[in-house]
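Results of the structural survey
The lines below spell out each chain.
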There are 2 protein chains.
Amino acid sequence: MNKYNHPGVPYFQHVSEHCIHYMSIDGVIFGFSENQLKVLLLRWKGTDEWSLPGGFIYKLESVDAAAGRIVQERTGLNQLYLKQFHVFGDANRYDQADTWQRTKMPLEGIKWSERTISIGYYALVNYSKVTPMPDLITDECRWWNIQDLPRLLFDHNHIIEVALHSLRRELNEQPLNHLLPDPFTIPELQRLHECILGTALDSRNFYKKMLASGQLERLPERRSGTSHKAPYLYRFQETQSGEILPEPGT
Amino acid sequence: MNKYNHPGVPYFQHVSEHCIHYMSIDGVIFGFSENQLKVLLLRWKGTDEWSLPGGFIYKLESVDAAAGRIVQERTGLNQLYLKQFHVFGDANRYDQADTWQRTKMPLEGIKWSERTISIGYYALVNYSKVTPMPDLITDECRWWNIQDLPRLLFDHNHIIEVALHSLRRELNEQPLNHLLPDPFTIPELQRLHECILGTALDSRNFYKKMLASGQLERLPERRSGTSHKAPYLYRFQETQSGEILPEPGT
């Protein structure tokens, strides 16, 4: 492939012309499946290098709308829970020469900022409803277990750590229903808490605490309709399930 | 005054040349005095219009360092507690024509971005140690009670509301010692909590809760050395008093 036919060239020319490029958005998309907390990553075209999904803010677009658009493009979801969690503003966030070499992007001749400040958002999404989609400059989009991440491009390992730390700190205020099957069992909820906290929890205490919280509603049926040992099914009360829709770009 | 002799002209030319100006920083500097929560505001040159202290990020400066510099310039403090709390990224944050007219800044002929995204930081500072200082483009810098704020320039009333909301939500994790005299009494601490929460608290419950938290250390002396009714003096245990110093600009 002639490097000027690389899809990165028209893509970055478009960004250079229409987007605010001192600032970017990086999205940490959390999912939960097979008892594992997962994060959605992209593999850059023609490389074995992975990064978070991210992008830039159009000149007339709010930052929240840009984050919603970026997550929506990768997941196909138009209803998702998004939270701005931190601005990554160090003067030297990562080794730029090393990173651009690893991406194999032909960037000569394209006006580019020396430095980008990134606004981190995390999304809580329902794993089973996501259709991972690569973009113009990536070959593959897939879930990774949070404890098996490769060495990512840019400072994205650090961004994921900070996102997980934020989620952990606000665990009881976040709408975890977005990550769980609907309805879910208490053992599933416990496993999700354990994945986020990175530590095992005592089942009896967890069960008591969750019931006492008043956040859960028990359904009449159990996971399997037959056995008396099958666990009960639960939902969060209405107040927990508020959804934030990406605003239309304004 | 010839408008091109206005100190705003060289100031904005400097910013336009050396700073990242799609992004700004706004600082909500909280102080506590006379049983009131206060915030430090600036009055724009030749006007009765007030705003938060704010500024831009130098090209080689981290965002945290820029925030530290801005707060330090207004307060004279080089040790302060600073927290990044939110990015204000709406496409139309405020009525630009109205705002620039109210500031009386002569901005024709200066290259300026159509839109600025602002990163909000709040600072907790010791009122008695602050020397409020206006800058090149303002005439006055002084404390305002949080419940008596004027209609501010830009979207700064909104930014203060969001800062107060963040502080409220994280009240028990924030180092409130930065706002209090050293040492302080339990009634002083209660009044500070009440100002931040915007609600009255029951004294006996507050006293019990604070003592049970294990965060406080009672000193041998009382506020006044003579009376037995004088309240005891307290300090936070060491773990509460961690200070974040502005990094040197890197």
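Residues numbered from 1 in each chain as written. Chains lettered and ligands numbered in written order. Predicted model: local features only at pLDDT ≥ 70, side-chain atom pairs only at ≥ 80, totals over all residues. Heavy atoms only, no water.

As named in an unreviewed UniProt entry, chain A is NUDIX hydrolase, taken from Arsenicibacter rosenii.

**Side note on the overall build of chain A**
For the record, the criterion: In this description a helix means any DSSP run of H or I spanning at least four residues, a strand means any run of E spanning at least two, and both kinds are numbered starting from the N terminus. Only protein chains enter the accessibility calculation, which uses a 1.4 Å probe; a residue whose area is less than 20% of its type maximum is buried, one above 50% is exposed, and one in between is partly exposed. The contact criterion used throughout is that any non-hydrogen atoms of two residues lie within 4.5 Å. The accessible surface values rely on the Shrake-Rupley method and a 1.4 Å probe; as for residues, cover is taken only from the protein chains in view.
From N to C terminus, chain A includes six helices and nine strands. Out of the 250 residues in chain A, the part that is buried amounts to 54%. When contacts within chain A are restricted to residue pairs at least 6 apart in sequence, long-range pairs at least 24 apart make up 75% of them. Working note: accessible area of chain A is about 12,100 Å², and carbon and sulfur atoms make up 49% of it.

**Notes on the packing of helix α5 (residues 186-197) of chain A against helix α6 (residues 203-212) of chain A**
Residues and elements named next belong to chain A. Quick note on the threshold: Only the stretch in contact is used when a helix axis is fitted, and all axes are lines through C-alpha atoms; the angle between N-to-C directions ranges over 0 to 180 degrees. Each angle gets one of four labels, with under 35 degrees taken as roughly parallel, over 145 as roughly antiparallel, 65 to 115 as roughly perpendicular, and the rest as oblique. All residues other than Ala, Val, Leu, Ile, Met, Phe, Trp, Tyr, Cys, Pro, Asp, Glu, Lys and Arg, Gly among them, are scored as polar; the first ten of these are nonpolar and the last four charged.
At a closest axis distance of 11 Å, the pairing of α5 and α6 adopts a crossing angle of 105 degrees. Considered as vectors, α5 and α6 are oriented roughly perpendicular to each other. Across the interface between the two elements, Ile-186, Leu-189, Gln-190 and His-193 of α5 pack against Ser-203, Phe-206, Tyr-207 and Met-210 of α6. Considering only residue class, the contact of α5 with α6 consists of five nonpolar, three polar and no charged.

**Focus: helix α6 (residues 203-213) of chain B**
Keep this limit in mind: As used in this structure description, the phrase polar contact means that two N or O atoms lie within 3.5 Å; if the pair is within protein, one of them must be able to donate a hydrogen and the other to accept it, and residues adjacent in sequence are counted only when both atoms belong to side chains.
Its side-chain oxygen placed 3.3 Å from the backbone nitrogen of Arg-204 of chain B, Asp-202 of chain B serves as the N-cap of α6 of chain B. Positive backbone phi, at 75 degrees, marks Gly-214 of chain B, one or two positions downstream of α6 of chain B.

**Thoughts on the environment of Ile-20 of chain A**
Residues and elements named next belong to chain A. When you line up the elements, Ile-20 lands in strand β1 (residues 19-33). With a relative accessible area of 3%, Ile-20 lands in the buried category. The spacing of Ile-20 and Phe-56 is 36 residues in sequence and 6.4 Å in space, taken between C-alpha atoms.

**A few points about the relation of the copies chain A and chain B**
Stated precisely, the cut-off is as follows: To line up the copies, we fit them by least squares on C-alpha atoms, keeping just the residues with pLDDT of at least 70 in both.
Once chain A has been moved 0.0 Å along the axis and rotated by 180 degrees, it coincides with chain B to within an RMSD of 0.0 Å. Read as a symmetry element, the transformation amounts to a two-fold axis. A share of 100% of interface residues in chain A that are also interface residues in chain B marks the association as one of identical surfaces.

**Concerning the interface of chain A and chain B**
Where we set the bar: Should a side-chain nitrogen of Lys or Arg be within 4 Å of a carboxyl oxygen of Asp or Glu, the pair is scored as a salt bridge.
Contacts between the two partners involve 23 residues from chain A, matched on the other side by 23 residues from chain B. Here chain A and chain B share zero salt bridges between them. One can count twelve residue pairs in polar contact (both at pLDDT 80 or more) joining chain A with chain B. Looking at the side of chain A that touches chain B, the elements that each hand over two or more residues are β1, β4 (54-58), β5 (81-88) and β6 (117-124) of chain A. Tallied by class, the residues present in the side of chain A that touches chain B amount to eleven nonpolar, five polar and seven charged.

**Remarks on the nonpolar core**
Defined as follows: Side-chain atoms within 4.5 Å link the members of a nonpolar core, which is a set of buried Ala, Val, Leu, Ile, Met, Phe, Trp, Tyr and Cys residues.
Residues Ile-25 and Val-125 of chain A together with Ile-25 and Val-125 of chain B are the most contacted members of the largest nonpolar core, which totals 48 residues. Excluding residues that lie within four positions of it along the chain, Val-125 of chain A makes contacts with Ile-29, Phe-30, Gly-31, Leu-77, Leu-80, Val-130, Trp-143, His-178 and Leu-179 of chain A.

**Topic: the pattern of salt bridges**
Going through the model one piece at a time under the given rule, you end up with 34 salt bridges over all chains. Among the ionic pairs, Arg-235 of chain A bridges to Asp-182 of chain A, the shortest N-O distance being 2.6 Å. Here Arg-235 of chain A is found in strand β9 (residues 232-236), whereas its partner Asp-182 of chain A is found in the loop between α4 (156-169) and α5, with 53 residues between them in sequence. Between Glu-170 of chain B and Lys-83 of chain B there is a salt bridge, with the nearest N and O atoms lying 3.4 Å from each other. In this pair, Glu-170 of chain B is assigned in the loop between α4 (156-169) and α5 (186-197) and Lys-83 of chain B in strand β5 (residues 81-88), connecting sequence segments 87 residues apart. When salt bridges that share partners are traced, they join Arg-43, Lys-45, Asp-139, Glu-140 and Arg-142 of chain A into one network.

**Looking at unusual backbone geometry**
All names here are of chain A. Cis geometry marks the peptide bond from Asp-182 to Pro-183; its omega dihedral reads -5 degrees. Although it is not a glycine, Asn-35 sits at a positive phi angle of roughly 60 degrees. Taking the relative accessible area as the measure of exposure, Asn-35 reaches 40% and is therefore partly exposed.

**Comments concerning the environment of Ser-203 of chain A**
Residue and element names in this part refer to chain A. Considering the arrangement of structural elements, one finds Ser-203 in helix α6. Given a relative accessible area of 46%, Ser-203 falls into the partly exposed group. Sequence separation between Ser-203 and Pro-187 is 16 residues, and the spatial gap between their C-alpha atoms is 8.0 Å.

**Re the packing of aromatic side chains**
Cut-off, in case you're wondering: Any two rings among Phe, Tyr and Trp, with Trp reduced to its six-membered ring, count as a pair given centres within 6.5 Å; such a pair is stacked if its planes are under 30 degrees apart, edge-to-face if over 60, and tilted if neither.
Summed over all chains, the structure comprises 17 aromatic pairs over all chains. Ring geometry for Phe-85 of chain A against Tyr-122 of chain A: centres 5.8 Å apart, planes inclined by 35 degrees, an arrangement best described as tilted. Here the residue Phe-85 of chain A occupies a position in strand β5, and Tyr-122 of chain A occupies one in strand β6, the gap between them amounting to 37 residues. Judged on exposure class, the residue Phe-85 of chain A and its partner Tyr-122 of chain A are both buried. Arranged with centres 6.0 Å apart and planes meeting at 65 degrees, the rings of Phe-30 of chain B and Tyr-122 of chain B form a pair that is edge-to-face. Remark: Tyr-122 of chain B occurs in strand β6 (residues 117-124) and Phe-30 of chain B occurs in strand β1 (residues 19-33); sequence separation between them is 92 residues. Here a set of aromatic residues connected by ring pairs shows up, and it is made of Phe-30, Phe-85, Phe-88 and Tyr-122 of chain A.

**Quick look at helix α3 (residues 96-103) of chain A**
All names here are of chain A. Going by this rule: Directions pointing from the helix axis toward each C-beta atom define the arc.
Buried residues of α3: Thr-99, Trp-100, Arg-102 and Thr-103, and no others. An end-on view of α3 places all buried positions within 160 degrees of arc, on one side of the element. Exposed positions of α3 whose direction lies more than 90 degrees from the buried face are Ala-97 and Gln-101. The distance from a side-chain oxygen at the start of α3 to the backbone nitrogen of Ala-97 is 3.2 Å, and the residue carrying that oxygen is Asp-95. Lys-104 sits one or two positions beyond α3 and adopts a positive phi of about 55 degrees.

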